[in-house]
Structure formats: C-alpha cells, structure tokens
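Each chain is listed here by its residues.
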Amino acid sequence: ILSTIFSHAYSSNTPLNQLALLYGFHDYETFYRACKRRFKNTPSNILQSGLDSPYLQQRIYPQRHQDSEAIKGEKIILPEFTLCGLDFFIWPETRSFHRQWQQFENYQNAIQGQKNASVTFQFTAWKEGEEQTMRVLCGLEVNPAFPQETIFSRQSIPKTTYIRFLHTQDVSQIRNTYQYIYGTYFSQSSYQCLGNWELQRYEDNRTSIEIYIPIRR
C-alpha cells in the first residue's frame with residue numbers, strides 16, 4: 001500500500017498527508033513511521049527520488065487480486081455547471097464524510113434553482129502547500145442565476161475532460177477503488193491528472209458511485 005500511495009502522489013500531486021488518510025493510516029506520523037520501517041527513508045525523500053526510485057522498483061504498479069475485475073475508465077467531457085451546497089474543511093482526524101452528508105441532507109431542500117434533486121455531488125479540492133485540510137462541498141447542480149441563502153456555497157465547475165469510473169461495491173470499499181484508479185490505472189496510462197480536485201456523483205435509487213477524475217487534455 002505504501003507504493004500505491006507514492007504512485008497516487010506522482011499521478012496527481014496530492015499531498016502525502018491527505019493520501020495517507022485516504023488509504024487508511026490513522027495519521028501522517030503513522031505513515032511516516034511505516035515508510036521509515038519499510039524503506040529506511042523519509043516519505044519526502046522517497047517522493048523526491050521519483051518513479052525510478054530503488055525503493056519503489058517492482059512495486060510501483062500494484063495489482064488487484066486475480067478474481068477482482070478491473071475497473072474500466074471512460075474518457076468523458078462535461079460542460080460547465082454550477083454546484084451549490086454546504087462547504088466543509090476536512091481535518092486529518094476525519095475518518096468519514098457521513099456527518100457532513102447528514103448535515104447537507106437537513107438543508108438541501110432550501111437550495112434554490114435545483115436542476116435535478118435526485119442527483120448529488122461531492123466536490124473535493126486541495127491546494128498546493130496546504131498540508132492539513134481538504135475542502136469538501138456536498139451539493140446539487142443549480143441554475144447560477146438563482147439567489148441562495150448565505151449558509152450555502154457555490155462552486156463553478158468549468159468544462160473539463162475526465163476519466164469516469166464506477167464504484168459498484170459498498171461505500172466502505174471505495175478506498176480499494178481509489179487504490180486501483182491511482183495505483184494501477186493512471187500509473188499505466190498516458191493520461192495526466194489535473195491533481196487538485198475531483199468529483200463524485202450520486203444518483204437516488206442507485207448504489208453505485210460515479211468518480212470523475214479531471215485530466216489534462
């Protein structure tokens with residue numbers, strides 16, 4: 001899993017501390033100690049050494065179990081649209097977004113100009129140099145001309161090219177899907193992630209989750 005995290009970092013420029021939490025480490029210190037124990041070096045040094053690092057050779061392309069079906073990525077272009085919802089800043093100790101979504105569900109009927117109330121989005125973004133938090137917007141697509149209450153935030157999503165993945169297992173297993181996306185799919189493809197934001201799309205009465213990873217054209 002350590003090699004998968006570094007592969008994800010190379011593919012997306014996502015900060016290591018955020019990836020450590022995404023892949024199940026309790027905190028960055030635990031991840032740091034795991035790197036020292038496994039590779040006898042610090043995470044920053046390993047990252048700086050690049051994909052040709054001797055620490056990662058023959059480990060950089062983690063494979064799923066043979067009885068697991070590879071997740072197909074579909075290249076897709078979505079037009080510009082606007083999301084409106086509740087903003088949250090996720091700290092290192094956050095283990096799930098369940099509480100944030102519960103809060104959003106209490107307020108979502110108050111959002112004006114909804115285009116499709118049965119489809120919700122999770123917009124996740126991070127900034128270079130901000131090692132401790134991620135911004136998460138739980139929201140709906142709206143007509144940007146409608147005024148909103150001050151409790152809500154808006155996010156304009158530009159026309160973008162994505163690789164779309166479908167997570168069909170229980171949401172508790174989504175970490176495995178992200179391991180495959182960044183540890184195998186992008187490591188072995190010619191596509192380059194934009195690296196500082198992504199989308200998840202949820203549709204009522206469907207158990208699958210659509211994951212949209214923006215890429216450079």
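Residues numbered from 1 in each chain as written. Predicted model: local features only at pLDDT ≥ 70, side-chain atom pairs only at ≥ 80, totals over all residues. Heavy atoms only, no water.

## Concerning the sheet that holds strand 6 (residues 160-167)
Two pairing modes exist for strands in a sheet, parallel and antiparallel, and in both the strands are linked by backbone hydrogen bonds.
At step 1: Spatial ordering of the open sheet is given by 1-6-8-7-3-4-2-5, a layout of eight strands whose pairing is antiparallel. Of all strands in the sheet, those bounded by a partner on one side alone are strand 1 (74-78) and strand 5 (153-157). In this sheet, adjacent strand axes meet at a mean angle of 35° when their direction is disregarded.
At step 2: With respect to the sheet, helix 6 (residues 174-185) is in contact with strand 6, strand 7 (197-203) and strand 8 (209-214), its orientation differing from that of strand 8 by roughly 30°. (Pairing = 2+ DSSP bridges. Helix = DSSP H or I, 4+ residues; strand = E, 2+ residues; numbered from the N terminus. Axes fitted to C-alpha atoms, helices over the stretch in contact; angles between N-to-C directions. Contact = heavy atoms within 4.5 Å.)

## Some details on the pairing of strand 6
At step 1: Of all eight residues in strand 6, seven are buried; the element is thus mostly enclosed.
At step 2: Note: strand 1 against strand 6, five bridges, orientation antiparallel. If you follow Lys-75 over to strand 6, its bridge partner there is Ile-163. (Buried < 20%, exposed > 50% of the residue type's maximum accessible area, 1.4 Å probe, protein only.)

## Here we look at unusual backbone geometry
At step 1: A positive phi angle is found at Asn-205, which is not glycine, with a value near 70°.
At step 2: Within the fold, Asn-205 resides in the loop between strand 7 and strand 8.
At step 3: Overall, the relative accessible area of 85% leaves Asn-205 in the exposed class.

## Description of the packing of aromatic side chains
At step 1: Evaluated as defined, the whole model comprises 13 aromatic pairs.
At step 2: Ring plane angle 70° and centroid distance 6.1 Å describe the contact between Phe-165 and Phe-186, whose orientation is recorded as edge-to-face. In this pair, Phe-165 is assigned in strand 6 and Phe-186 in the loop between helix 6 and strand 7, connecting sequence segments 21 residues apart.
At step 3: Assessed through its relative accessible area of 0%, Phe-165 is described here as buried.
At step 4: Taking the relative accessible area as the measure of exposure, Phe-186 reaches 4% and is therefore buried.
At step 5: Judged by centre distance (5.4 Å) and plane angle (85°), the rings of Tyr-185 and Phe-186 are edge-to-face. (Phe/Tyr/Trp six-rings, centres within 6.5 Å; stacked < 30°, edge-to-face > 60°.)

## Some remarks on the environment of Leu-21
At step 1: Assignment of secondary structure puts Leu-21 in helix 2 (residues 16-22).
At step 2: Taking C-alpha positions, Leu-21 is 8.8 Å from Phe-31, a pair spaced ten residues apart along the chain.

## What to know about the nonpolar core
At step 1: Core analysis: the largest hydrophobic core is formed by 42 residues, its most contacted members being Phe-31, Phe-165, Tyr-182, Phe-186, Ile-211 and Ile-213.
At step 2: The leading source of residues in this core is helix 6, at six residues.
At step 3: Apart from the residues within four sequence positions on either side, Ile-213 is in contact with Thr-161, Tyr-162, Ile-163, Phe-165, Tyr-178, Ile-181, Tyr-182, Phe-186, Cys-193 and Glu-198.
At step 4: By size, the runner-up hydrophobic cluster in this structure holds 13 residues, among which are Phe-81, Val-119, Tyr-162 and Tyr-212. (Core = buried A, V, L, I, M, F, W, Y, C linked by side-chain atoms within 4.5 Å.)

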